[in-house]
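# An overview of the molecular structure
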Amino acid sequence: MNLLSARLDPQTLSLVIQAEVDFEQFEQFAEPLAAALDCEIRERQWGADRHQWLLNFEGCPLWLHYEFYGDSCWISIDNPNDLDVLAFLLTLLTPHIQTT
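Residues numbered from 1 in each chain as written. Predicted model: local features only at pLDDT ≥ 70, side-chain atom pairs only at ≥ 80, totals over all residues. Heavy atoms only, no water.

### Observations concerning the pairing of strand E3 (residues 40-46)
This is how it is decided: Any two strands with at least two DSSP-identified bridges between them are counted as paired. Segments assigned H or I by DSSP are reported as helices when at least four residues long, segments assigned E as strands when at least two residues long, and all are numbered from the N terminus.
Pairing between E3 and strand E4 (residues 50-57): six bridges, direction antiparallel. Bridge pairing in E4 links Glu43 to Leu54. Hairpin connection between E3 and E4: a loop of three residues separates the two successive antiparallel strands.

### Focus on the packing of aromatic side chains
To be explicit about the condition: What counts as a ring pair is set by centres within 6.5 Å for rings of Phe, Tyr and Trp (its six-membered ring), and what kind of pair is set by the plane angle: stacked under 30 degrees, edge-to-face over 60, tilted for all other angles. Relative accessibility decides the category of a residue: with a 1.4 Å probe and only protein chains considered, values under 20% of the type maximum give buried, values over 50% give exposed, and everything between is partly exposed. The rule is short: NZ of Lys or CZ of Arg within 6 Å of the ring centre and within 35 degrees of the ring normal puts a charge over the ring.
Applying the stated criterion to the full structure yields seven aromatic pairs. Where Phe26 meets Tyr66, the ring centres are 5.9 Å apart and the plane angle is 25 degrees; that geometry is what we call stacked. A residue pair is termed long-range when its members are at least 10 positions apart, and Phe26 in helix H1 (residues 26-36) and Tyr66 in strand E5 (residues 60-67) qualify at 40 residues. Each member of the pair Phe26 and Tyr66 is classed as buried. Taken together, the ring pairs in this structure connect Phe23, Phe26, Phe29, Trp53, Tyr66, Phe68 and Tyr69 into an aromatic cluster. Cation over ring: Arg44 sits above Trp53, and NZ or CZ is 4.3 Å from the ring centre.

### Some remarks on unusual backbone geometry
Look at Asp38: it is not a glycine, yet its phi comes out positive at around 55 degrees. Following the sequence through the fold, Asp38 ends up in the loop between H1 and E3. For Asp38, a relative accessible area of 58% gives the class exposed. Notably, Glu58 is not glycine yet its phi reads approximately 50 degrees, a positive angle. By secondary structure assignment, the location of Glu58 is in the loop between E4 and E5.

### Let's talk about the side chain of Asn56
Filter applied, for reference: Residues adjacent in sequence count toward polar contacts only when both atoms are side-chain atoms; beyond that, a polar contact is any pair of N or O atoms within 3.5 Å, and within protein one must be able to donate a hydrogen and the other to accept it.
Mapped onto the fold, Asn56 is located in strand E4. A distance of 3.2 Å separates a polar side-chain atom of Asn56 from the backbone nitrogen of Gly59.

### A look at the side chain of Gln52
Heads up, the condition is: In this analysis, two residues are considered to be in contact whenever any of their non-hydrogen atoms come within 4.5 Å of each other.
Along the chain, the position of Gln52 falls in strand E4. Within polar-contact distance, the side chain of Gln52 engages the side chain of Arg50 at 3.2 Å. Within polar-contact distance, the side chain of Gln52 engages the side chain of His65 at 3.4 Å. Apart from residues lying up to four places away in sequence, Gln52 is in contact with Glu43, Arg44, Gln45, Trp63, Leu64 and His65.

If you want it as structure tokens, here you go:
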């Protein structure tokens with residue numbers, strides 16, 4: 001898992017992640033990411049240019065998204081009341097961000 005940056009975007013209810021991701025081997029990125037966040041993987045969906053996984057963090061559903069063409073990765077929530085969960089997850093990701 002090679003994380004370059006992560007930031008909370010309260011407007012979109014998401015945690016935006018910049019990382020080196022191989023679309024064809026997404027699970028090699030997503031599984032360690034879920035483990036680092038202490039999340040359970042509940043569901044895995046993918047299509048021609050997108051992965052979308054349903055994660056669970058202590059009863060809070062999270063969506064891990066990756067879009068190939070935009071090289072975009074983010075974790076989103078459906079309920080604005082769970083924004084504090086994303087803020088906490090950001091603190092868990094911070095030690096994994098590569099600094100040069």
